[in-house]
Every structure is written in C-alpha cells, then in structure tokens.
Amino acid sequence: MPGTGARDGARRPVRGGLRLAATVNLALGVPAMIPLYSAWWLLSEYLPMDCRTTEDMARPGLADCDYHTLDHAPVMMLLLAVTGLIMLLLVLVVDVLLPLRRDDRLRAWLGTALLIPVPFTALMVLA
C-alpha cells in the first residue's frame, strides 16, 4: 500500500515479547539444575576438603577428608563439564541464534536469560 510504509514481502518480527522470553528461559532452568547442582556440590563439598587423593588421607593432621567425596569428585566434574557445555550451547541457540533468525529483540532474550538459575535457587531454598 502506498504511503503506509509497509514493504511487500518484508519479514515481520515475531511478537512473543518479554513474556515468551521469560517463560522459555525459566523452562531452560529446569535442565540447567544438573550443571548448577554439580558446580554447587564441587564448591561446597570437594573444594573445602584438606585432601585431593586417597593417599592424602593417610597424612596426619587432616581434619576434613572424606573418601566418598573423593570417590564422587571425578564423576561430578565430568557431569559438570558435559552438561554445562550442553546448556551453554542450548542457551546460545535459544537466546541468541533463534531471536536473530526471527528478527526478535535480542535484548529481551538475553535479559531474561538471568532467570535460568531461578528453578535451581528455588530448589535449594526449599530443600
């Protein structure tokens, strides 16, 4: 139509808005609980220990050294690395690549990405 400023064949941005971005990022927070819990466990259980290997357990004067924590640490580190990488790729696709492809506002998607840790935080508060 002449004079309206509308272009023929122009792509219109998808109007999901802030509500859609917030809902999707909160939903991303559910699988993100796995790498977030792994990181929390390593920071709160493994790093405060006095020993790093089972041979260290025989040294005198170590107060905080737990065999089970030492046994689970490599598994938790691997779990953190694998699930953390998957979540970073998922966030990149959902919060950057898809909004760019759909001509959506990137600022809304990146801003609401701060909601991803909310489900994990709620779980930790309730537990």
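Everything in this summary refers to the structure shown in the same document.

Definitions and cut-offs
- Residues numbered from 1 in each chain as written.
- Predicted model: local features only at pLDDT ≥ 70, side-chain atom pairs only at ≥ 80, totals over all residues.
- Heavy atoms only, no water.
- Helix = DSSP H or I, 4+ residues; strand = E, 2+ residues; numbered from the N terminus.
- Expected span 1.5 Å × (residues − 1).
- Buried < 20%, exposed > 50% of the residue type's maximum accessible area, 1.4 Å probe, protein only.
- Contact = heavy atoms within 4.5 Å.
- Patch = residues over 30% accessible without salt bridge, like charges linked within 9 Å, V, L, I, M, F, W, Y side chains within 5 Å.
- Areas by Shrake-Rupley, 256 points an atom, 1.4 Å probe, with all protein chains shown as cover.
- Salt bridge = Lys/Arg side-chain N within 4 Å of Asp/Glu carboxyl O.
- Disulfide = S-S within 2.5 Å.
- Axes fitted to C-alpha atoms, helices over the stretch in contact; angles between N-to-C directions.
- Left-handed = near helix turned anticlockwise from the far one by under 90°.
- Nonpolar A, V, L, I, M, F, W, Y, C, P; charged D, E, K, R; others polar.
- Phe/Tyr/Trp six-rings, centres within 6.5 Å; stacked < 30°, edge-to-face > 60°.
- Polar contact = N/O pair within 3.5 Å; in protein donor to acceptor, adjacent residues only side chain to side chain.

**Here's the deal with helix 3 (residues 67-101)**
Taking 1.5 Å per residue as the helical rise, helix 3 with its 35 residues ought to reach 51 Å, and the 50 Å between its terminal C-alpha atoms agrees with that figure. Along helix 3, the residues that are buried comprise Thr69, Leu70, Ala73, Met76, Thr83, Gly84, Met87, Val94, Asp95 and Pro99. Tucked inside the fold, the buried residues of helix 3 contact helix 1 (17-28), helix 2 (33-46) and helix 4 (106-112). Directly after helix 3, the chain includes Asp103, whose backbone phi takes a positive value near 55°.

**Quick word on a nonpolar patch on the surface**
A contiguous nonpolar surface patch, about 500 Å² in accessible area, is contributed by Leu85, Leu89, Leu92, Val93, Leu97 and Leu98. Among the structural elements, Val93 can be located in helix 3.

**Concerning the state of the cysteines**
Scanning the entire structure with this criterion turns up 1 disulfide. Covalent S-S linkage joins Cys51 and Cys65, the inter-sulfur distance amounting to 1.7 Å. For the disulfide bridge between Cys51 and Cys65, the dihedral angle about the S-S bond is near 100°, and by the sign convention the bridge is right-handed. Highlighted residues: Cys51 in the loop between helix 2 and helix 3 and Cys65 in the loop between helix 2 and helix 3, separated in sequence by 14 residues.

**Things to note about the packing of helix 2 against helix 3**
Where helix 2 meets helix 3, the closest approach of the two axes is 8 Å, and the angle between their N-to-C directions is 145°. Between helix 2 and helix 3 lies a crossing whose hand is left-handed. Note on element contacts: helix 3 touches helix 2 through Thr69, Leu70, His72, Ala73, Met76, Met77, Leu79, Leu80, Thr83, Gly84 and Met87, opposite Ile34, Pro35, Tyr37, Ser38, Ala39, Trp41, Leu42, Glu45 and Tyr46. Grouping the amino acids of the contact of helix 2 with helix 3 by side-chain chemistry returns 14 nonpolar, 5 polar and 1 charged.

**Points about the side chain of Thr83**
Note on placement: Thr83 falls in helix 3. Given a relative accessible area of 15%, Thr83 falls into the buried group. Not counting chain neighbours up to four residues away, the residues in contact with Thr83 comprise Ile34 and Pro35.

**Quick notes on the packing of aromatic side chains**
Overall, the coordinates contain 1 aromatic pair when judged by the stated rule. Where Tyr37 meets Trp40, the ring centres are 5.5 Å apart and the plane angle is 35°; that geometry is what we call tilted. On the criterion of helical spacing, the pair formed by Tyr37 and Trp40 is a turn pair, its members being 3 residues apart in helix 2. Here Tyr37 falls in the partly exposed class, since its relative accessible area comes to 37%.

**Looking at the side chain of Thr112**
Relative to the assigned elements, Thr112 resides in helix 4. In this structure Thr112 comes out as buried when scored by relative accessible area, which is 8%. Among the polar contacts listed, one links the side chain of Thr112 to the side chain of Asn25, at a separation of 2.8 Å. One polar contact links the side chain of Thr112 to the main-chain carbonyl oxygen of Ala108, over a distance of 2.9 Å. Ignoring sequence-local partners within four residues, the contact set of Thr112 consists of Leu18, Ala21, Ala22 and Asn25.

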